[in-house]
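# Descriptive analysis of the structure
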Amino acid sequence: DPLSIRQWIDIIGEVASKQRVSILSIPLAPVRLAAAVTAHRLLAHEQVLMLRYPHVLDTRESEALGWAPQYSNERIVRDIARNLLAEL
């Protein structure tokens, strides 16, 4: 199943045993301005361009080509978070 970035955050927070994870949504225009003013040191130009698109981990197109995932997207995010936390 597709997962949004917000869902990733919730899963990672759960794995990290965080009771509450704050998410701050900022309009794109101030982010673009801040990136431009800092000569894209704050965010690379490519990162700013990508912010206008939805960030969803969706494997449907790959599955249509014949690829079959071994694990759910949620399990992948959980495993990645566990491995990263284990290295801290």
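Heads up: these notes are all about the structure in this document. (Residues numbered from 1 in each chain as written. Predicted model: local features only at pLDDT ≥ 70, side-chain atom pairs only at ≥ 80, totals over all residues. Heavy atoms only, no water.)

## Here we look at the pattern of salt bridges
Counted under the stated rule, the structure contains four salt bridges. Glu74 is paired through a salt bridge with Arg78; the nearest N and O atoms lie 2.9 Å apart. Taken as a pair, Glu74 and Arg78 lie in helix 5 (residues 73-86) at a separation of four residues, close to a single helical turn. Residue classification places Glu74 among the partly exposed residues on the basis of a relative accessible area of 35%. Assessed through its relative accessible area of 15%, Arg78 is described here as buried. Its salt-bridge partner being Arg82, residue Asp79 comes within 3.2 Å of it at the nearest N-O pair. Here Asp79 and its partner Arg82 are both found in helix 5, three residues apart, which amounts to about one turn of the helix. (Salt bridge = Lys/Arg side-chain N within 4 Å of Asp/Glu carboxyl O. Helix = DSSP H or I, 4+ residues; strand = E, 2+ residues; numbered from the N terminus. Buried < 20%, exposed > 50% of the residue type's maximum accessible area, 1.4 Å probe, protein only.)

## Let's talk about a nonpolar patch on the surface
Taken together, the side chains of Tyr71, Ile76, Ile80 and Leu84 present a nonpolar region at the surface, about 370 Å² in accessible area. When you line up the elements, Ile76 lands in helix 5. (Patch = residues over 30% accessible without salt bridge, like charges linked within 9 Å, V, L, I, M, F, W, Y side chains within 5 Å. Areas by Shrake-Rupley, 256 points an atom, 1.4 Å probe, with all protein chains shown as cover.)

## Topic: the nonpolar core
If you look at the biggest cluster of nonpolar residues, it comprises five residues: Leu3, Ile11, Val15, Val77 and Ala81. Of all the secondary structure elements, the ones that give two or more residues to this core are helix 1 (5-15) and helix 5. Look past the residues within four positions of Val77 in its chain and what remains in contact with it is Leu3, Trp8, Ile11 and Ile12. (Core = buried A, V, L, I, M, F, W, Y, C linked by side-chain atoms within 4.5 Å. Contact = heavy atoms within 4.5 Å.)

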